[in-house]
Structure formats: structure tokens, C-alpha cells
Amino acid sequence: MHSPAEISKIHYWLQGRPKQNFGDFLTEFFLNSLFLPTPGEARGIHLIGSVMDDMFVAADTEADHPVVFWGCGLRTPEGLSPERKAQANILAVRGPLSRSQLRLGALVPFGDPGFLVAALYDPRAASAFAGRSLCIPHFQDQRPDSELIALTGCDLVLRPNIDPRIEAIHQFIDAVAAADFVLTASLHGAVIAAAYRKPFAFWDSGAIDLPFKWEDLAASMGFDCAFQPDLDSARSWYSRVEDQIQLPEAWRLLINPPLLIRPEALLRITRHYIAGSDRHNCSMETFVTAFQGHHASSARFAKRMYQYIKDADEIYLDRNQLAARHEVQQGIHTALQSDRDNLQNAYDHLRADHETLGRLHAALKNNHAETEIRVAALANQHDSDVELTTRQQIQIAEISKCAESLKQDTIKARMQLSRLAASKSAQDDELAALKQDHHDKLNQLQALSRHSQDQDQQLAAKSHALAAVYASTSWRATHRLRRFASCYPASARTLRRAAKLAWWTATWQLGRRLKLRAAIIAEARSTSITMTAAIPTTVCHPHRPAPLPFHFNNPDAPKVLFLDSRYPRTDRDSGSLDTFNTIRLLQSFGYDILFIATAEYHEINAYGAELQKHDVTIITSGQFDSIQTFLKQHGPEITLGILSRVDCGGQFIDDMRRLAPQARVIFNTVDLHHVRQEREAALTNDRQLLNEARRMEERERYLISMADVTFVVSSSDQNRSRTLAPGADVALMPILRIIPGRHVGFSERRGIGFVGGFQHKPNLDAVSYFLEQIWPKVRALLPDAQFHVIGADMPQSMRDLEIPGVEMVGFVPELDPWLDRLRLTVAPLRYGAGAKGKVVSSFSFGVPCVMSTIAAEGMGIDGEAVALLADDPDQFARMVARLYQDPAKWLVLSDACLSLVQSQNSLDRGRAVLRAVLEKLNLPVGKTLLEA
């Protein structure tokens, strides 16, 4: 027996789940009270909700079987692309903004179907809610009722999380209709309140869900969209706009119905709008005129019902013909039964004779078998002797071969040892020469240092003497003479010389002075020659070492410069692994790689040394005093610059454009930082962080606009980037991984794991949230389960936690052994951006990862893998417990995970994307080793 929703192909959010959202579950109310179950050609029908979006229209939807939307609204202004719109049949929309954005025109009616509820249902008395103010939170709001009441000042909390029963819908409507005021973060809480003429306001709960849908609804009722923080503000706002509120003529939605309308429902709606309190200047003539002007839908339904009746007649005729055939076959069956009884009697006689012959045959068979056993025993003995001889001969041959191989290996090893000994001797000699050279240069440096100190002392003494001269009476007395000398330097020099000669002549010193002057000149010449020979060609200040030599690994190859905050730490975080894999792919295309770590520019640590082993040139302050200095000298030689992260490589984009104008520039976002900050601000209600997110958004917008290409790792980041900077080239460069596959089965695995570096704040929040909200529920379902928290840079406060069943593992040098033995991983992220490396790594080993929708964002999760998504703590815990105990379900999801990453995240996929980007930038692309 099919349900009305199955017959009519009706779809809505949480369909079939044990807990429903009131607004979406109104679909069942309309199927029960407004429409008749009507088969049709549509691929699916949506009657209510914010579902007009590309995600609800499959790419393979055919024109003859479109997706039908009636009374629905857009999620975002650009949510339904022109391509997907062509595959949909839009009969009516929620509000005028959706109609305008989709360019539908006035013939398509608007109004939320929830406004029709007041015409179809008469609310019952609900004394518990009568005269009380209600707070209706969002479906996902998990805060306690007491906290919501304290925040809003309302009397009661009415949650839209209801059981999947029509009676639950009625109870919700009864409560709203009895209330004194409704402050709601649930859209259809506002619709129902307005339909029953109850004062209401939109509630600012700290996280506005899809702002466009609220603006659309407000526009349909004739007022500006505004959100209120508490009950007092809400009452004040409603008193100001009450006279502006005008409900849409929702009855016009019935002009283009998706299903057949129940006659009694049509009569109730007509009476409500003509004779009820909500009349909109409607009359019976208005209704008749409207429906006559749109008879196309009625004709469509009539044609469909005619076809169904015709099919039913053909089925009835076929049934009569089958009945006649059945009677004939029944007669034949009776005759065959009689013949069968006769044959059974004959068979019994033959069986008795056969049993007698069987006993005789068995006796002969036993004699024959004993004979065959004796012959087989003799044959087996012979075969065993032959086989033993053959095995011994093979073993002797193998031993001889091994001995010869060992002999050859020994000779090779001795030759290798000889070469190594000779190489070691040469290296020892070279090291000794280097040590001696170092010692000689150190001595020279010390001598220069002592000489510099002597000169400094002499300079100090002369400065002291000069200061005494400046303070003397004679210096002050000769002030006018010095003024004369500064104005007439040539005359002054002549007078000084004449005065000296006159004095030396008068005092009999002239001869001695001339001899002394000649001796000083000779000594100065000698000292100059000696110092010139002693000073090396390159003189360095003793406190400022000379720059280290610099050269390219491959001078003829095109150059790619990576600018990031640190050297790739492939054993500590996902982004580093992506950077390293990108470097290896570019090398396979024939590029020479240069790397600058902005936060580690002063040194080459162990991670930098590891990068050098892979033929990557490291640029440091030992070679160039600044990054700008390097770009000034070698910028013209760079072919491509890859600038990672907005506040690391991104800060040098202007320097790249100025000092390397010929180079192409790729901005690698890693993830959109402002999206992550926005979500954290919404989660923590941090206004300062929200302002910082706005500043970060502007900086990322600038970098995306300035770059030739921008790399993002998820489709959601790609869409956001294109919105930020229209016309920018944004390429989806997926997280790249080697896909090892599943080595161990379900029964050999134990434990649940979380993997992530703890310098990333979303990971800290995710683990804390999981331990507080989800892990106690998991332990209740799986008392023996163990949770392992794995990741670098774990804070001491987390290490000190002592929770039953939880192991704080921290940093591990190799993640592979853990992913080969864990049964599940979890990623309960509450904020973040971009695709998540922890999820891709888990999937690449065939380990299912139960995750939040934030963790799955932009990864294209579909098919069986959708079952891994969970945001509610109870749902999350149940999914973990089920997968941990169900081998069949685990295997299905393990295969789905592997299939997903093999198609999206393999190195071959990354190679294809990178090749396309390089070709688009007109950069050289050599053949890789695999292609060669």
C-alpha cells in the first residue's frame, strides 16, 4: 500500500525521519486536507519550504519529467541557476522576491501555502498557551528552554521539532492560535501566526538562517524585514507595522495546483476568503474569473485522469480473459491429476523390483571397491617414492643456485666496501682541508677584529684630544681666522704654510722637520703595502656574516616560487601534505621549485632540509636580507608564483606584480578565512570577530581579483569566491592524496578516532563539543568503545583530561598505522571552511567518517555516503554506534568512501587540474614520467 506522498512523488526535508520540522511537515497536512493523491509525470513535487535551489534539481532531470515547485522559495538569490531552472516547472512561489529573481512575471502567483492553513483548520482551545507569549526557536537550536526564555523574556518555548503525525501539526497550530504574542526564529511559526492574525515578530537568535527567505516572506506581507532581540523590542516593532501588514492572496496558488484539489477544501478556502475575517475584497466573481483565466491546469489534470481510466478499462478486460483461460487450465489440471495417480501405482511396482536389483549391485560394488583400494595403495606408494626423489633433486639445484648467488653478492659487497672506503678517505681529506681553511680564515678574521679594535681606540683618543682643543682659549680666540679660512680656503692654506715655515726658520727647526716628514711618508708607504697583502678579497664586518652563495638547481627550467608561512610539515597538518603533492606534480611537469617560508625565513629547520632532499631550492635570510631583495635580483627569472594563505604568501602579491611583472600569480586560499571567522563569530556571538571577518573578506576579495588564478579546495569556496570577485578565475584544486585503499577488514579493526592539528581552532572546538555532547551518548550505546584523539600541537589542558574510554594520543609521526586499524573516524566540526583533509585521509583508507555538514561541505558527498552526515548529537551518536556494530553497512559505506576520493582526490585528478590551469595561463607543460 503506497502512501499519498509516494503516489504523488512528493518530497520534503526529513521525509521518513522520526523527528520532523513543522514547516516542512506541513506537506503531509496539505496531502491530507487539500490535495488528492494524483500520479503524474513529474520527477518530484515540492509543496512548501526553501527548496528552490540547484541541490534539489538533479543534473539528469529530463524535460518530460521535471521537478515541480509550488509555493516554495529560493534559498539564496542565485540559488537556482538558469540551467536548473529550465529543468523545473515553477507553478507558484513563496514571495515577490523569488518571483522577481527568477523572472517569472505576474502570471505566476505568490504566497506561502501556510497562509491557507487558517482556511482548512479550525484551531481547538489550548489553555496552556492562552494569553501567553511564545518563543519558537530554529529547528537546529539546541539551547535549553530556560536559556531561551531568559534571552527573549517570553513566557513559554514552542519547538518546531514535532513527531511525524498530523495530530502533532494540529497541536502546534492550536498553541500558536491561542498565544498572545509569537517571537519566532522558525519561518512557518511566523506564517501560522500571521494566518491566524496573531501578533508576531522575527527573532534574532544570533544565527539567522538563510536571510533571503525571511526578506521574501516579509515582502509578501508588505513590510521591511527586521529581526528583534527580545519580546519588548518585538512588541514595540509590531505596534509600528501592524497597519502595514497585508496578507497575500494565497488562494491564487490554487490556480496552478500541482495535484487535484479536494472539492471540500476548495469550498472551505472560497468561504474563508469571501465571508471570513481575512477578506481581501474578494467575491465569487473574482474567484470564477481567476480560475477561468487559468484553465490549462484543469485541462492537464482532465487529460491525465482520462488516461488513467482508459488504462484501468484495459486492465479489467485483460482480467476477464485471464479468468476464462484459468477455467480451461483447471480442467486440464484435473485430467493430469488422474493420469498421475495411475503412473504412481506403476512406479511403486517398478521401485520394488529396483530395490532388489540394488541390493545385488551393492554386493558386487563392495567387492570391486576392495580391489580398487588395494591397487590405489600400491600406486600411491610408487608416486610418493618418485615425488620424494624429484623434490630432493630440486632442493639440491636450488641450494647450488643460492650458493652461487651468495658468492656473487659477497664479491659485489667487497667491491662496494672498497669504493666506500676510498670515498670515505677522500671525504676525510676534503673535510680536513675545509677545517684547515676554516681555521685560517678564523685567524684572519680575529686579526682583522683586533686591528679594528686598535683603530677604534686610536679614534677615541683622537676624539678626546680634539674635544680638548675645541674647549681651549686659543681655539675660541682664532674663531675669526677660521671664518676667514672657510671663506677663502686657498689663501688660508698659503698663509698656514708660510706661518709654519717662518716659525720653523726662526726657531732653527726647519731641517729637523723636513727629515721627520720624509721618514713618515716612507713608513706610511710600507704599511700600506703590508695591509693590502694581508686583507682578503672579501672583507666582512665581524658582526655581519657575508651572504651565502645562491644558485638555481636547474637554471634552464621554468621557475615556480612558493610563498607560505612554514615549510610543509607533512606529518602534522593536511595543508602541508597538499603543498608537498603540488610541488611534486609541478616537478613532474619539468619545473624548478623555489620555496620561501615567511615565518621561518631566518633558518632551514628539519622540514626545510627534507624539502631540499626533493630538489627544492630554499630561500633564506642567509642569502638575501629580505624577500623583496630576492625578488629585486631574481624576480625577472620567475615563471609562476604560488602565494598561499591570505596573511602569509598573500601579503607579497603587490611585490610580485611590481618586481616580477612577467610572472603568473596563483593565490592559494587553503580555505576562505573570512568564512571560517564568520561561522566562529556566529557560534560564539563574538561581534569583534565578526568585524575581523569583514576585514578579512575585503582582503581576500582583493587577492582573488589581483591573482591570475585562485585555488580553492571545495565547490562551496569556489562559489563564494566567484561571488566575491565576479569575473575572477577560480579553480577547484582538490585536496590531493595517495589512495592506499582498505588493507584490513571490519573484524580486525577497533576504536573510533579523531584526526587533526590543534593549532587549528575549529579542531579544538570539535573535540570539546564531541566529548561534552556526543561521547556520553556513544558510551551508553557502546560501553566498551575507545575514542583516540590524534593530532599535533595538542594543548596540555586537553592532555590532562581523564574521561572513561578516551585516549589523548597527540602527535604521531605516521598516520597510516592508525587508519589501518581504526574502525571509524569522526569530524564533528561546528565551523570552518573549505574541504577537510581529515575526511579525505580517512576515506582514502576506506575508513568511514561520521561528520557534520560543515565537515562535509563542498566535497560532493552523495549516494550511500550521505548516511554519514549528522548534526544533531543524538543522531550523530546513533550513527557511530550503528556503523561500529554493523559489518554489512560498514562495508557498503567503506566502498562508497573509497569510490568518492578515487574520483575526486587522487594525484591523477590533481595532475589533470594542474595541467589545465598551466595551459590556461600559457605556461609550459612537459610530459610527466607516467605519460612518458
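Preceding this section is the structure that the text describes.
Conventions adopted
Residues numbered from 1 in each chain as written. Predicted model: local features only at pLDDT ≥ 70, side-chain atom pairs only at ≥ 80, totals over all residues. Heavy atoms only, no water. Helix = DSSP H or I, 4+ residues; strand = E, 2+ residues; numbered from the N terminus. Contact = heavy atoms within 4.5 Å. Areas by Shrake-Rupley, 256 points an atom, 1.4 Å probe, with all protein chains shown as cover. Expected span 1.5 Å × (residues − 1). Buried < 20%, exposed > 50% of the residue type's maximum accessible area, 1.4 Å probe, protein only. Arc of directions from axis to C-beta. Polar contact = N/O pair within 3.5 Å; in protein donor to acceptor, adjacent residues only side chain to side chain. Axes fitted to C-alpha atoms, helices over the stretch in contact; angles between N-to-C directions. Parallel < 35°, antiparallel > 145°, perpendicular 65-115°, else oblique. Left-handed = near helix turned anticlockwise from the far one by under 90°. Core = buried A, V, L, I, M, F, W, Y, C linked by side-chain atoms within 4.5 Å. Pairing = 2+ DSSP bridges. Right-handed = clockwise from strand over helix to strand, strands pointing away. Salt bridge = Lys/Arg side-chain N within 4 Å of Asp/Glu carboxyl O. Nonpolar A, V, L, I, M, F, W, Y, C, P; charged D, E, K, R; others polar. Phe/Tyr/Trp six-rings, centres within 6.5 Å; stacked < 30°, edge-to-face > 60°. Lys NZ or Arg CZ within 6 Å of the ring centre and 35° of its normal.

Caption draft 1: Fine view of the overall build of the protein. For the protein, the count of helices and strands is 32 helices and 22 strands. Considering only residue pairs separated by 6 or more positions, the protein has 67% of its internal contacts joining residues 24 or more positions apart. Here the protein displays about 51300 Å² of accessible surface, and carbon together with sulfur accounts for 55% of that area.

Caption draft 2: Molecular detail of helix α23 (residues 687–706). Taking 1.5 Å as the rise per residue, α23 with 20 residues should run 28 Å; its terminal C-alpha atoms sit 29 Å apart, in good agreement. Buried within α23 we find L689, A693, M696, E697, E700, L703 and I704. One side of α23 holds all its buried residues, which, seen down the axis, span an arc of 135°. Every exposed residue of α23 that faces more than 90 degrees away from the buried side is listed here: R687, Q688 and R695. Summarising the contacts, the buried residues of α23 are in contact with α21 (653–659), β15 (664–668), α22 (673–684), β16 (709–712), α24 (715–724) and β17 (730–732). The opening residue of α23, the one whose side-chain oxygen lies 3.1 Å from the backbone nitrogen of Q688, is D686.

Caption draft 3: Region of interest: the packing of helix α2 (residues 22–33) against helix α7 (residues 166–178). Two elements in contact, α2 and α7, have axes separated by 10 Å at closest approach and are oriented at 115°. Overall, the two elements α2 and α7 adopt an arrangement that is roughly perpendicular. In the packing of α2 onto α7, the handedness of the crossing is left-handed. Contacts between α2 and α7 involve F22, F25, L26, E28, F29 and N32 from the first element and I166, I169, H170, F172 and I173 from the second.

Caption draft 4: Summary view of the nonpolar core. If you look at the biggest cluster of nonpolar residues, it comprises 83 residues, and the most contacted ones within it are F30, L34, W70 and F200. Beyond its immediate chain neighbours, meaning those up to four positions away, L34 contacts F29, W70, L116, L120, L254, L260, I261, R262, A265 and I269.

Caption draft 5: Local environment of the sheet that holds strand β8 (residues 181–184). Across the sheet, which stays open at both edges, the 5 strands sit in the order β6-β5-β8-β9-β10 with parallel pairing between neighbours. Whereas interior strands pair on both sides, the edge strands pair on one side only; in this sheet they are β6 (156–157) and β10 (227–228). In this sheet, β10 lies alongside strand β9 (residues 200–203) in parallel orientation, the contact comprising 2 bridges. Each bridged residue has a counterpart across the sheet, and for F202 the counterpart in β10 is F227. Of the strands in this sheet, β5 (133–136), β8, β9 and β10 touch helix α10 (residues 231–241), which is tilted by about 110° from β8.

Caption draft 6: Seen up close, the side chain of Q587. With respect to the helices and strands, Q587 occurs in helix α18 (residues 574–588). For Q587, the side chain forms a polar contact with the side chain of R584, separated by 2.9 Å. Not counting chain neighbours up to four residues away, the residues in contact with Q587 comprise I593, H614, D615 and V616.

Caption draft 7: Summary view of the environment of P164. Topologically, P164 is positioned in the loop between β7 (161–162) and α7. Apart from residues lying up to four places away in sequence, P164 is in contact with R17, P18, Q20 and F25.

Caption draft 8: Region of interest: the side chain of S852. Its place among the elements puts S852 in the loop between β22 (849–851) and α29 (853–856). With a relative accessible area of 4%, S852 lands in the buried category. Sequence-distant contacts of S852, that is, excluding residues within four places in its chain, are made with A827, P828, L829, L869, A870, D871 and F876.

Caption draft 9: Molecular detail of the environment of A609. Within the secondary structure, A609 is located in helix α19 (residues 606–612). Taking the relative accessible area as the measure of exposure, A609 reaches 31% and is therefore partly exposed. Considering only alpha carbons, one finds A609 and Y567, 42 residues apart in sequence, at a separation of 9.3 Å.

Caption draft 10: Quick look at the pairing of β5. Because side chains alternate across β5, one face comprises the buried residues S133 and C135, and the other comprises L134 and I136, equally buried. With 4 bridges joining them, β5 and β8 adopt parallel strand pairing. Each bridged residue has a counterpart across the sheet, and for I136 the counterpart in β8 is T184. Once you follow β5 into helix α6 (residues 145–152) and on to β6, the crossover reads as right-handed.

Caption draft 11: Seen up close, the pattern of salt bridges. Throughout the structure, instances matching the rule amount to 35 salt bridges. Close ionic contact of R94 with D112 constitutes a salt bridge, the shortest N to O distance being 3.1 Å. On the criterion of sequence distance, the pair formed by R94 in the loop between β4 (88–93) and α4 (96–101) and D112 in the loop between α4 and α5 (117–120) is long-range, its members being 18 residues apart. Linking E697 and R701 is a salt bridge whose minimum nitrogen-to-oxygen distance equals 4.0 Å. Placement of the pair is E697 and R701 together in helix α23, with a separation of 4 residues, close to one helical turn. Using a relative accessible area of 26% as the deciding quantity, one classes R701 as partly exposed.

Caption draft 12: Quick look at the pairing of strand β14 (residues 640–644). Of all 5 residues that make up β14, 5 are buried, and the element is covered over most of its length. Burial along β14 is two-sided: the face carrying L640, I642 and S644 and the face carrying G641 and L643 are both buried. Of the strand pairs in this sheet, strand β11 (residues 559–564) and β14 are connected by 4 bridges, and their pairing is parallel. Residue F562 lies in a different strand from β14, and its bridge partner there is I642. In terms of strand pairing, β14 meets β15 through 5 bridges, oriented parallel. Its bridge partner lying in β15, L643 is registered against F667. The β-α-β motif built from β14, the intervening α21 and the parallel element β15 has right-handed crossover chirality.

Caption draft 13: Up close: unusual backbone geometry. In this structure, N685 is a non-glycine residue whose phi angle is positive, near 55°. Inspection of the secondary structure puts N685 in the loop between α22 and α23. What makes N685 exposed here is its relative accessible area of 56%. At D793, a position not held by glycine, the phi torsion is positive, near 60°.

Caption draft 14: Local environment of the packing of α22 against α23. At their nearest, the axes of α22 and α23 sit 8 Å apart, and the two run at 165° to each other. Overall, the two elements α22 and α23 adopt an arrangement that is roughly antiparallel. Classified by chirality, the crossing of α23 by α22 is left-handed. Here H673, H674, Q677, E678, E680 and A681 of α22 lie close against α23, whose contacting residues are L689, L690, E692, A693, R694, M696, E697 and E700. Looking at the contact of α22 with α23 residue by residue, the class counts come to 5 nonpolar, 3 polar and 6 charged.

Caption draft 15: Structural view of the packing of aromatic side chains. Scanning the entire structure with this criterion turns up 26 aromatic pairs. Seen from their ring centres, F562 and F595 are 6.2 Å apart, and the 15° between their planes marks the pair as stacked. Taken as a pair, F562 in strand β11 and F595 in strand β12 (residues 592–597) lie far apart in primary sequence, 33 residues in all. According to the relative accessible area criterion, F562 is buried, its value standing at 3%. Judged by relative accessible area, which is 0%, F595 ranks as buried. An aromatic cluster is defined as three or more aromatic residues linked by ring pairs; in this entry it consists of F181, F200, F202, W214, F223, F227, W237 and Y238. When the ring centre of F552 is taken as reference, the NZ or CZ atom of K559 above it lies at 4.9 Å. Positioned over the ring face of W818 is R821, at 4.0 Å from the centre of the ring.

The quantities given are spatial measurements derived from coordinates; they are silent on function.
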